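Letter by letter, the chains look like this.
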Amino acid sequence: MKFENIVSDWQKQFPILSQYTSSTLYAKADIILIGLRLDKIMSNTYRLILEILPLWIQEKRKISIPVFSVELFNKKGGQFFIKYQLHEYLFEAAVECANQQFGLILRENIRANDIFRLVDSFSSTLITKHNPINWHRLFELKLALAFYSGEADLIDTVKEEIENETKYWNEKEFNHMFMKSIEEWKSDLYQKMENRETFMKQVQLNMDDKKISRLKRIHIIFD
């Protein structure tokens, strides 16, 4: 089966998503892009990855770097690699797994709590404990969602989580990886989320990008 037909099959299963590139299907959800990447493994195999991309970033090239991504797993918890020629045979099972794992956040109205739950589940089971390489992007997503909500208690909760986690990080290793201290990183992150008008202006600038503007729009609900 041709790869473009496989992409089309997934788009039909999640009609809120629009094709963004030859291998991605996204929707714009207030301050993020959210959707699916069909990641090619070798020349005849793919896997499905859920991605969340940031729309508050100034450098447009960095929007394409996910703040969160997790691959689809099969019913046994293993990686779900699908050969093109077996796509039609495995598609029904793959869709069932995708609905179970991603269905709550691939809909017209997404509950913020469902995003937080998915991120927390991912961080507790699939990433290395106390590794800033994995955690720093997750914290940026969680703080951005909290900041967008305008709920002071939620912002304070995320900041407290950041402060507690960063106590375990190695200062020397962090500086080597990010060319700044942990305190500098936290200060930069908090400053980025301080001015709502500036934050939303940058989001809108990215929303107005010709390619992004064509995507279907969905919403995040805070309750």
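What you see is a predicted model; the values in this text were computed from it and never measured.

Phi angles above zero are rare outside glycine, and Met 42 is one such case at about 65 degrees. Note on placement: Met 42 falls in the loop between β3 (32–41) and β4 (45–54). By relative accessible area, which is 67% here, Met 42 ends up exposed. Phi is positive for Met 179, close to 60 degrees, though the residue is something other than glycine. The exposed category is assigned to Met 179, whose relative accessible area is 69%.

Take the pairing of β4 next. Along β4, 10 of the 10 residues are buried, which leaves the element largely enclosed by surrounding structure. Of the two faces of β4, the one carrying Thr 45, Arg 47, Ile 49, Glu 51 and Leu 53 and the one carrying Tyr 46, Leu 48, Leu 50, Ile 52 and Pro 54 are both buried. The sheet contact formed by β3 and β4 spans 10 bridges and is antiparallel. Bridging from a neighbouring strand, Asp 39 pairs with Arg 47 of β4. The loop that links β3 with its antiparallel partner β4 comprises three residues; one of these, Met 42, has a positive phi angle of about 65 degrees. Where β4 and strand β6 (residues 82–83) come together, two bridges link them in antiparallel fashion. Counted as the bridge partner of Thr 45 is Lys 83 from β6.

Tallying each qualifying case throughout the model produces 15 aromatic pairs. Between Trp 56 and Phe 199 the ring centres are 6.1 Å apart and the planes differ by 20 degrees, which places this aromatic pair in the stacked class. Pair noted here: Trp 56 is in the loop between β4 and α2 (60–63) and Phe 199 is in helix α9 (residues 196–207), with a separation of 143 residues, a long-range link. Residue class for Phe 199 comes out buried when judged on its relative accessible area of 3%. Between the aromatic rings of Trp 169 and Trp 185, the centroid separation amounts to 5.5 Å while the plane-to-plane angle is 50 degrees, which identifies the pairing as tilted. With Trp 169 in the loop between α6 (152–166) and α7 (171–178) and Trp 185 in helix α8 (residues 182–192), this pair connects stretches of sequence that are 16 residues apart.

The subject of this paragraph is the pairing of strand β2 (residues 24–29). In terms of burial, β2 is a largely internal element, six of the six residues being buried. The two faces of β2 match: Thr 24, Tyr 26 and Lys 28 on one face and Leu 25, Ala 27 and Ala 29 on the other face are all buried. The pairing of strand β1 (residues 18–21) with β2 spans three bridges and is antiparallel. Note that in β2 the partner of Ser 18 across the bridge is Tyr 26. As consecutive antiparallel partners, β1 and β2 are separated by two residues. Where β2 meets β3, six bridges bridge the pair, whose relative direction is antiparallel. In the sheet register, Ala 27 faces β3, and the bridge partner there is Ile 34.

What counts and what doesn't
Residues numbered from 1 in each chain as written. Predicted model: local features only at pLDDT ≥ 70, side-chain atom pairs only at ≥ 80, totals over all residues. Heavy atoms only, no water. Helix = DSSP H or I, 4+ residues; strand = E, 2+ residues; numbered from the N terminus. Buried < 20%, exposed > 50% of the residue type's maximum accessible area, 1.4 Å probe, protein only. Pairing = 2+ DSSP bridges. Phe/Tyr/Trp six-rings, centres within 6.5 Å; stacked < 30°, edge-to-face > 60°.

Limitation: the analysis is restricted to geometry and does not speak to function.
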